[in-house]
Amino acid sequence: MGSNLRVDGTRLVSRLMALAAIGATPEGGCRRLALTDEDRQGRDWLVAEMTALGLAVKIDAIGNIVGILKGREEGPAVILGSHIDTVGTGGRYDGALGVVAGVEVLATLRDAGLVPKRDLAVIAFTNEEGARFHPDMLGSYVWAGGMSVEAAHAEQDSDGAVLGTELRRIGYEGPERPGFLPAHAYLELHIEQGPVLENEGGGLGAVTGIQAICWLELTLKGRPSHAGTTPMAYRKDPGLAAARINLYANDLTRAIPGQLANSGVIRVQPANVNVVPETVVMTLDLRNPDDARLAQAEAAVRSYCAALAARDGIEIAFRDLARFPATPFTESLIATVEESAAELGLPIRRMISGAGHDAQMMSRICPTAMVFIPSIGGLSHNPAEFSTEYDIAAGANVLLNAAWRVANA
Ligand code: HGY
Ligand code: MN
Ligand code: MN
Ligand code: MN
């Protein structure tokens, strides 16, 4: 590839902003929960862009959208990708950057009349965020053979909506078998979503892997009673128990190295100001770069809950929402990312990803690596999420360079 070939940063950013306008929120972010009408609109936009580019566009049975630029030879493809679904308070870049930059890479090669040896593809994976359906990274998990289409279709959201029904409702249950396109390698460009790169004066990240993750849903059942007449000692209060569990999980982050804990969902029933709650449904998001330490944290939470339930007369039931081990990426591909940045004169440093990504699933089936660009203020899953046009173009040029190298090696 001409070493002076670069993406069209203006075109890339304008595509990003066109997608960001879909599901735009008043706070300046995006809300495109998986398989909602906003997600459908984003999907329709992407399919139109891919089609206009002349890519072969295919949809699989879990709704993954695949755009393919044919190579000179038959064989496994180099796959770029990420996701276009968002969390409820999403920003404009999480996921969208990797998909739109992938499209930009293919557009740049097409404009230059360059045909790679291998097929080059871009995939927008379904339900990466796990904000509506579980587990997260669901589309890439099914693509990588970790979950059956049937099991994925049967997943329900907290309102009882069924994933397969929603997929058909928005018209994205496709005919292809997930994983139909054999993968030679997978590369994902993503915002860092944390403060590391920015705090180190910017530059890019060559991601070495992703930490282990465990999402638990706890259903706590107590006894509803009058908040004014019931003496404290007589109460069976799941709301109090939930607060204690949240605190306990937080204390673990100081006791176990590398441990993270978050309780992002706490739903109280009957949610009346003067009623000691009957039921609380809460989630715990536990993460650690080390599998054994994460297992230690989860075991500690479970035994704490068992003791609390026995002491306070509360029932506590657990449900796994997601569970993925720490995932190292492929050394040779990480090195390719670093070399691609060096060739472009761009500073880059190795780092682990705190967030889960579709790359965590793709690493099950092929050599995988990621490129990070800085998140300003370290913010993500927040409408104020922001990355500079310079960093967006820099990250996309590293993706272009690395993809071209791998697609012709
Ligand atoms: O939760 C995560 O790490 C990812 O954004 N789904
Ligand atoms: Mn993401
Ligand atoms: Mn995310
Ligand atoms: Mn992610």
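If you're wondering where the values come from, they're calculated on a predicted model, not measured in any experiment.

Q: Tell me about the overall build of the protein, residues and numbers included.
A: Secondary structure summary: the protein contains 12 helices and 16 strands in total. The C-alpha radius of gyration of the protein comes to 22 Å, within 12% of the 22 Å expected for a compact globule of 409 residues. Counting the 409 residues in the protein, one finds 56% classified as buried. Considering only intrachain contacts with a sequence separation of at least 6, the fraction spanning at least 24 residues in the protein is 79%. When the accessible surface of the protein is totalled, it reaches about 15800 Å², and 54% of it is carbon and sulfur.

Q: Give me the lowdown on unusual backbone geometry, citing residues and values where you can.
A: Outside of glycine, negative phi angles account for most residues, and trans bonds account for most peptide bonds. Along the chain, H134 connects to P135 via a cis peptide bond; the corresponding omega equals -5°. Mapped onto the elements, P135 comes out in the loop between β4 (120-125) and α4 (138-143). Put simply, Q269 and P270 share a cis peptide bond, and its omega is 5°. The residue P270 is located in the loop between β10 (266-269) and β11 (275-276) in this model. The phi dihedral of A271 falls on the positive side, at around 60°, and the residue is not glycine. Inspection of the secondary structure puts A271 in the loop between β10 and β11.

Q: Run through helix α9 (residues 291-312), naming residues and quoting values.
A: Its 22 residues place the ends of α9 31 Å apart at the C-alpha level, agreeing with the 32 Å of an ideal helix rising 1.5 Å per residue. Listing the buried residues of α9 in full gives L294, A297, E298, A300, V301, C305, L308 and A309. An end-on view of α9 places all buried positions within 165° of arc, on one side of the element. Every exposed residue of α9 that faces more than 90 degrees away from the buried side is listed here: A292, A310 and R311. Packed against the buried residues of α9 are β7 (212-221), α8 (238-255), β12 (279-288) and β13 (315-324). In this structure D290 caps α9, since a side-chain oxygen of it lies 2.8 Å from the backbone nitrogen of A292.

Q: With reference to specific residues and values, describe the UniProt feature "domain: Peptidase M20 dimerisation" (unreviewed entry) in the protein.
A: Per the UniProt record, "domain: Peptidase M20 dimerisation" (unreviewed entry) is found at residues 210-311. The straight-line gap between the two end C-alpha atoms of residues 210-311 is 38 Å; of that span, 38% is helix and 31% is strand.

Q: Help me get a handle on the coordination of the manganese ion (ligand 3), residues and values and all.
A: On the protein side, the manganese ion (ligand 3) has D94 (OD), E129 (OE), E129 (OE) and H381 (NE2) as donor atoms, found 2.0 to 2.6 Å from it. The motif formed by the donor residues of the manganese ion (ligand 3), counted along the single chain, is D-x34-E-x251-H. A gap of 3.5 Å separates the manganese ion (ligand 3) and the manganese ion (ligand 2), which D94 links by coordinating each metal. Of this pair, E129 sits in the loop between β4 and α4 while H381 sits in the loop between β16 (368-373) and α12 (389-408), placing them 252 residues apart in sequence.

Q: Account for the packing of helix α10 (residues 331-343) against α12, with residues named and values stated.
A: At a minimum axis separation of 8 Å, α10 and α12 run at an interaxial angle of 125°. Overall, the two elements α10 and α12 adopt an arrangement that is oblique. In the crossing of α10 with α12, the sense of the turn from one axis to the other is right-handed. On α12, the residues that touch L333, T336, V337, E339, S340, A341 and E343 of α10 are V398, N401, A402, R405 and V406. Looking at side-chain class alone, the contact of α10 with α12 contains six nonpolar, three polar and three charged residues.

Q: So, the confidence of the model for the protein: which residues are in play, and what are the values?
A: Chain-level statistics for the protein give a pLDDT mean of 97 and a share of 99% at 70 or above. Across the interface, the model reports ipTM at 0.90; the global pTM reads 0.94.

Q: Outline the coordination of the manganese ion (ligand 2), supporting the account with residue identities and numerical values.
A: Coordination of the manganese ion (ligand 2) by the protein is provided by H83 (NE2), D94 (OD) and H190 (NE2), with metal-donor distances spanning 2.0 to 2.2 Å. Mapped onto the sequence, the residues coordinating the manganese ion (ligand 2) show the spacing H-x10-D-x95-H.

Q: Pulling in residues and values, what's your account of the packing of aromatic side chains?
A: In the structure shown here, the tally under the stated rule is six aromatic pairs. Between W143 and F180, the ring centres sit 5.4 Å apart and the planes meet at 70°, which makes this aromatic pair edge-to-face. With W143 in helix α4 and F180 in the loop between α6 (163-169) and β5 (183-191), the pair connects residues that are 37 residues apart, well separated along the chain. A relative accessible area of 3% places W143 in the buried class.

Q: So, the site of ligand 1: which residues are in play, and what are the values?
A: Near ligand 1 you find E128, E129, D136, W215, R287, A355, G356 and H381, and these make up its full shell. One of the side-chain nitrogen or oxygen atoms of E129 is found 3.1 Å away from an oxygen atom of ligand 1. Within the side chain of H381, an N or O atom sits 3.4 Å from an oxygen atom of ligand 1. When the free accessible area of ligand 1 is taken as 210 Å², the share hidden by the protein chains comes to 95%. Of the residues in the shell around ligand 1, the class split is two nonpolar, two polar and four charged.

Q: Would you mind going over the pattern of salt bridges in detail, with residue names and values included?
A: Any two side chains of opposite charge can pair, so long as their charged atoms come close to each other. Going through the model one piece at a time under the given rule, you end up with 27 salt bridges. Note that R349 and E200 form a salt bridge whose closest N and O atoms lie 2.7 Å from each other. Taken together, the residues R349 in strand β15 (residues 348-353) and E200 in the loop between α7 (196-199) and β6 (204-210) connect sequence positions 149 residues apart. Taking the relative accessible area as the measure of exposure, R349 reaches 27% and is therefore partly exposed. Classification of E200 by relative accessible area gives partly exposed; the value is 48%. Connected via shared salt-bridge partners are D37, R40, D44, R132, D157, E166 and R169.

What counts, and where the lines are drawn
- Residues numbered from 1 in each chain as written.
- Chains lettered and ligands numbered in written order.
- Predicted model: local features only at pLDDT ≥ 70, side-chain atom pairs only at ≥ 80, totals over all residues.
- Heavy atoms only, no water.
- Helix = DSSP H or I, 4+ residues; strand = E, 2+ residues; numbered from the N terminus.
- Rg over C-alpha atoms; globule rule 2.2 N^0.38 Å.
- Buried < 20%, exposed > 50% of the residue type's maximum accessible area, 1.4 Å probe, protein only.
- Contact = heavy atoms within 4.5 Å.
- Areas by Shrake-Rupley, 256 points an atom, 1.4 Å probe, with all protein chains shown as cover.
- Expected span 1.5 Å × (residues − 1).
- Arc of directions from axis to C-beta.
- Polar contact = N/O pair within 3.5 Å; in protein donor to acceptor, adjacent residues only side chain to side chain.
- UniProt positions renumbered as here; feature names shortened; annotations may be inferred.
- Donors = N, O, S within 2.8 Å, 3.2 Å for Na, K, Ca; no water.
- Axes fitted to C-alpha atoms, helices over the stretch in contact; angles between N-to-C directions.
- Parallel < 35°, antiparallel > 145°, perpendicular 65-115°, else oblique.
- Left-handed = near helix turned anticlockwise from the far one by under 90°.
- Nonpolar A, V, L, I, M, F, W, Y, C, P; charged D, E, K, R; others polar.
- pLDDT = per-residue confidence, 0-100.
- Phe/Tyr/Trp six-rings, centres within 6.5 Å; stacked < 30°, edge-to-face > 60°.
- Near = heavy atom within 4 Å.
- Salt bridge = Lys/Arg side-chain N within 4 Å of Asp/Glu carboxyl O.

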